[in-house]
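# What the coordinates show
The primary structure of each chain is shown beneath.
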Amino acid sequence: MNVVFLGPPGAGKGTQALKVSEFFGFPHISTGDMFRKAASEGSPLGLKAKSFMDKGDLIPDEVVTGVVIDRIAEEDCGSGFILDGFPRTLPQAVELDKALGESGDKLDIVINIDVDRSELVRRLTGRRMCTSCGSSFHVTFNPPAREGFCDSCGSELFQRADDSEESVVNRLKIYDEQTEPLIEYYGQENILKTIDGGRSIDEVSDSISEFLNGSKKHNVV
Ligand code: AP5
Ligand code: MG
Ligand code: ZN
C-alpha cells in the first residue's frame, strides 16, 4: 500500500503517518525529518536544505525529488510506503507518478488532512519534537509524560526553528500557493480521501485506520 499524507503545516501529517506506519508496518518517509537529520549531521546537502527550511521556504524540487525516489526504491518499501510531506508541488507529484509508473507501481491513496487555519497556528507554535525518533508532542494538546522528554524513546525534545511565528506565516502562504493545487490533482486521479483533522488525535487516527482497513478489505489497495 503506497500512501501519501497531504495537508498544511501542522495538520497532523507526521503524527498520523507515524501511527499508520506502526500499525501497517510500512516505512514512514518524512522529507522534513530526512532533511532535518541531514542538517543536524552537517552534510553539504543538509546545510543547503537548512537555509530554505529555517525560513519556511521549500527546498528546490530537483533536490527533494531525487532523494525521495531513491528512498522508495529501497527494499523496505517493496510492499508499501507512507510519504509525509512529499509531494508538495505539482512538479514533485508528476515526477513521483512517473517514477512509480516506470517500475509498474502507483500511489494507492492520498490522505488529505483538513484543519482550520487558526488551529494550525496553535498547533505549530506549541509543538515539541523528539531529537531522536521523530515523534511530535504539543505542550497543551499532546504533552509528553515527562516534560521535555520523548514518551517513545526518552530523548530530549526541541522546538523546530521553522515553528517561529514568522516562518509559520510563510509556510502557510507557500502551502496555499504550491501545495494546495495537489488536492485537485489527486482528486482527478480519484485517489484522494479528505479527513477532518480538526478533531482529537485519536478521533482522526480512528477515521484514517477505518478508511485504510476498509480499502484493504475491498482490495482497493
Ligand atoms: P515538514 O517537516 O514536512 O513540515 P510541514 O509540512 O510544515 O508540516 P509539519 O511537520 O509542520 O506538520 P505536520 O502536519 O507533520 O503536523 P504534526 O503531526 O507535527 O517540512 C519542513 C520543511 O522541510 C518545509 O518547510 C521545507 O522547507 C522542507 N521540505 C519538506 N518536504 C519538502 C518537499 N517535499 N519539497 C520541498 N521542501 C520540503 O502536528 C503538529 C502539532 O500539532 C504537534 O505538536 C502535534 O502534537 C499536534 N497535533 C497533531 N494532531 C493534533 C490533533 N488532532 N489535535 C491537537 N493537536 C494535534
Ligand atoms: Mg511533520
Ligand atoms: Zn523519541
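These notes cover the structure that comes with them.

What counts and how
Residues numbered from 1 in each chain as written. Chains lettered and ligands numbered in written order. Predicted model: local features only at pLDDT ≥ 70, side-chain atom pairs only at ≥ 80, totals over all residues. Heavy atoms only, no water. Donors = N, O, S within 2.8 Å, 3.2 Å for Na, K, Ca; no water. Tetrahedral: all angles 85-135°; square planar, octahedral: opposite > 155°, others 65-115°. Helix = DSSP H or I, 4+ residues; strand = E, 2+ residues; numbered from the N terminus. Buried < 20%, exposed > 50% of the residue type's maximum accessible area, 1.4 Å probe, protein only. Pairing = 2+ DSSP bridges. Axes fitted to C-alpha atoms, helices over the stretch in contact; angles between N-to-C directions. Salt bridge = Lys/Arg side-chain N within 4 Å of Asp/Glu carboxyl O. Core = buried A, V, L, I, M, F, W, Y, C linked by side-chain atoms within 4.5 Å. Contact = heavy atoms within 4.5 Å. Patch = residues over 30% accessible without salt bridge, like charges linked within 9 Å, V, L, I, M, F, W, Y side chains within 5 Å. Areas by Shrake-Rupley, 256 points an atom, 1.4 Å probe, with all protein chains shown as cover. Lys, Arg positive; Asp, Glu negative; His and termini not counted. Charge placed at Lys NZ, Arg CZ, Asp CG, Glu CD.

## Some words on the coordination of the zinc ion (ligand 3)
Distances from the zinc ion (ligand 3) to its protein donors, Cys130 (SG), Cys133 (SG), Cys150 (SG) and Cys153 (SG), fall at 2.3 to 2.4 Å. What the 4 donor atoms of the zinc ion (ligand 3) show is an angle range of 100 to 115° at the metal, which sorts the shape as tetrahedral. Donor residues for the zinc ion (ligand 3) sit on one chain with the sequence pattern C-x2-C-x16-C-x2-C. Note that Cys130 is positioned in strand β5 (residues 127-130) and Cys150 in the loop between β6 (136-138) and β7 (157-158), a separation of 20 residues in sequence. Each member of the pair, Cys130 together with Cys150, is buried.

## With respect to the sheet that holds strand β8 (residues 192-196)
Spatially, β2-β3-β1-β4-β8 is the arrangement adopted by the 5 strands of the open sheet, whose pairing is parallel. Pairing within the sheet leaves two strands with one partner each, and these edge strands are β2 (28-30) and β8. Sheet twist, expressed as the average angle between the axes of neighbouring strands with direction ignored, equals 20°. Inspection of the sheet shows strand β1 (residues 2-6) paired to strand β4 (residues 109-114) by 4 bridges, in the parallel sense. From the neighbouring strand, Phe5 faces β4, where its bridge partner is Ile111.

## Looking at the pattern of salt bridges
Following the criterion strictly, the structure yields 17 salt bridges and no others. Between Lys37 and Glu41 there is a salt bridge, and its shortest N-O distance comes to 3.1 Å. Highlighted residues: Lys37 and Glu41, both in helix α2 (residues 31-41), separated by 4 residues, approximately one helical turn. Of the two residues, Lys37 and Glu41, neither departs from the other in class, the shared state being exposed.

## Considering the nonpolar core
Counting residues in hydrophobic clusters, the biggest one holds 24 residues, and the most contacted among them are Ile72, Phe81, Leu83, Leu96, Leu107 and Tyr186. Elements that contribute at least two residues to this core include exactly β1, α3 (44-53), α4 (61-72), β3 (81-84), α5 (90-102) and α8 (181-188). Element by element, the count of residues in this core is highest for α4, at 4 residues. Discounting chain neighbours no more than four positions away, the residues touching Ile72 are Ile29, Cys77, Phe81, Leu83, Leu96 and Leu100. Core analysis: the next-biggest nonpolar cluster, separate from the first, contains 21 residues, Phe5, Ala17, Ile82 and Leu120 among them.

## Topic: a negative patch on the surface
Among the surface-exposed residues, Asp202, Glu203, Asp206 and Glu210 lie close enough to one another that they form a single negatively charged patch. Following the sequence through the fold, Asp202 ends up in helix α9 (residues 201-217). According to the relative accessible area criterion, Asp202 is exposed, its value standing at 51%.

## Some details on unusual backbone geometry
Backbone torsion omega between Phe86 and Pro87 reads -5°, so that peptide bond is classified as cis. When you line up the elements, Pro87 lands in the loop between β3 and α5.

## Some details on the environment of Pro87
Judged by its relative accessible area of 2%, Pro87 is buried. Taking the C-alpha atoms as reference points, Pro87 and Leu182, separated by 95 residues in sequence, lie 8.4 Å from one another. If we ignore the near neighbours within four places in the chain, the residues touching Pro87 are Val4, Leu6, Gln92, Ala93, Leu96, Leu182 and Tyr186.

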